[in-house]
Amino acid sequence: MPDNSSSSALMRAAIAVERGVVRCDEVEIPRSSVGEVLVRTKAASICGSDLHMVNTGWAMHAFPAMAGHPGHEAVGEVVESRSDSFSEGDIVLTTPHIWNSRCFADFQVVDDAHVLKLDAGVDLDTVTLAQQLGTVVYAAKRLPESLEGQTCLVVGQGSAGLFWDFTLRKLGAEKIISIEPLAWRRELGMSYGVDSSIDVTGDAAVEAVRDLTNGAGADLVIEAVGTTPTLSQAFHLVRDEGQVVLFGLPESEDPVPFDYSQMFKSRANAFTVLGSQDEPGLTSYSEAARMISSGEIDVEPIISHRVNISDIDKAFALANDRVDGAVKIGITFD
């Protein structure tokens, strides 16, 4: 357990100092309160939502942001527990709400409702991805139990899109199409269940989808990017009375314009996804951790880079610039 009684009890933490700027600094180790645990972070990863929050300020309290914020995909070891549910030495997945998340730091405090105990022998580097996979598992519970006979389309082949490829295939989708301009992400999508991948965006992508669906559009569209253009595009890609899952985080706190006329004409059903952190028993995260640990899904190929917390600025640059085969950027704490 770290010694918090001394002024020298410092840790490394990412600080979002202003929009688009993240650096590593030394700050005091946080103190836990009743019902909370102090977790030593063992591995973390950057989510696309972290990029949105840092770059646009969506759901950020202020700049400079809280130490370690907005990181929310992490696994670690409980080093101090003020909860009856956890003990020192427990290996845990941390699942805080994104506006309270602080995992880009050597230590983080999490309330016990948002911590999932894992088996002691789990692979720490890969089980971290159970956080994001868990959000996909959670969202998929709102879909039919079987997608047999359906053509599904995933916009974006970042880690979230790849998890959706796998999930749609597991649900029995007859055909899975992806839209992704980056070649290495398209190729990775093929290994997670994609049948046809489109390498263009915008109107050209809409035309390509029409060609692949005999002019009808997809039965189900997953928007896994979270940009204003792809929000509107989703309703040009779905068939009449089809379904759209708006999975990507909003691009801004400001009102976001979208093609309501096209949504209206297509009579599409659409829903957004939020709340996996409040699911009783964190069951979707537990299922995701089981899938990774059992080998049902191999997430190792998704982690394209590993960068130490001391170089968090470089990690964010990689994730932002999407170069050098970047998909999911893992954060290490050695």
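Before any of the text, the structure's been laid out above.
Now for a quick tour of the structure. Model, not experiment: these values are computed from the prediction. (Residues numbered from 1 in each chain as written. Predicted model: local features only at pLDDT ≥ 70, side-chain atom pairs only at ≥ 80, totals over all residues. Heavy atoms only, no water.)

### Description of the environment of A139
For clarity, the threshold we go by: Every helix listed is a DSSP run of H or I at least four residues long, and every strand listed is a run of E at least two residues long, numbered separately from the N terminus. Burial classification: accessible surface area is computed with a 1.4 Å probe over protein chains only, and a residue below 20% of its type maximum counts as buried, one above 50% as exposed, and the rest as partly exposed.
Mapped onto the fold, A139 is located in helix α3 (residues 130-140). Residue classification places A139 among the buried positions, given a relative accessible area of 1%.

### Digging into the pairing of strand β2 (residues 21-28)
Operational definition: DSSP-based pairing: two strands are paired if at least 2 bridges between them are found.
Across eight bridges, strand β1 (residues 10-18) lies against β2 in antiparallel orientation. Note that in β2 the partner of L10 across the bridge is E28. In this structure, the hairpin formed by β1 and β2 is closed by a connection of two residues, where G20 is found at a positive phi of approximately 80°.

### Some details on the packing of aromatic side chains
Defined as follows: The rule is short: rings of Phe, Tyr and Trp, with Trp giving its six-membered ring, pair when the centres are within 6.5 Å, and they are stacked under 30 degrees, edge-to-face over 60, tilted in between.
According to the stated counting rule, one finds five aromatic pairs in the structure shown. When the ring of W164 is compared with that of F247, the centres are 5.7 Å apart and the planes differ by 85°; the resulting orientation is edge-to-face. On the criterion of sequence distance, the pair formed by W164 in helix α4 (residues 159-170) and F247 in the loop between β12 (238-246) and α8 (260-266) is long-range, its members being 83 residues apart. One exposure class covers both W164 and F247, and it is buried. Members of the aromatic cluster, each reached through a chain of ring pairs, are F235, F258, Y260 and F264.

### Notes on the pattern of salt bridges
Threshold: Basic side-chain nitrogens of Lys or Arg form a salt bridge, by our definition, when they fall within 4 Å of a carboxyl oxygen of Asp or Glu.
Scanning the entire structure with this criterion turns up 15 salt bridges. Here E296 and K170 are joined by a salt bridge, their closest N and O atoms 3.0 Å apart. Residue E296 is found in the loop between α9 (283-294) and β14 (303-308), and its partner K170 is found in helix α4; the two are separated by 126 residues along the sequence. On the accessibility criterion, K170 (47% relative accessible area) is partly exposed. Between R290 and E296 there is a salt bridge, and its shortest N-O distance comes to 2.8 Å. Salt bridges linked by common partners bring K170, E287, R290 and E296 together as one network.

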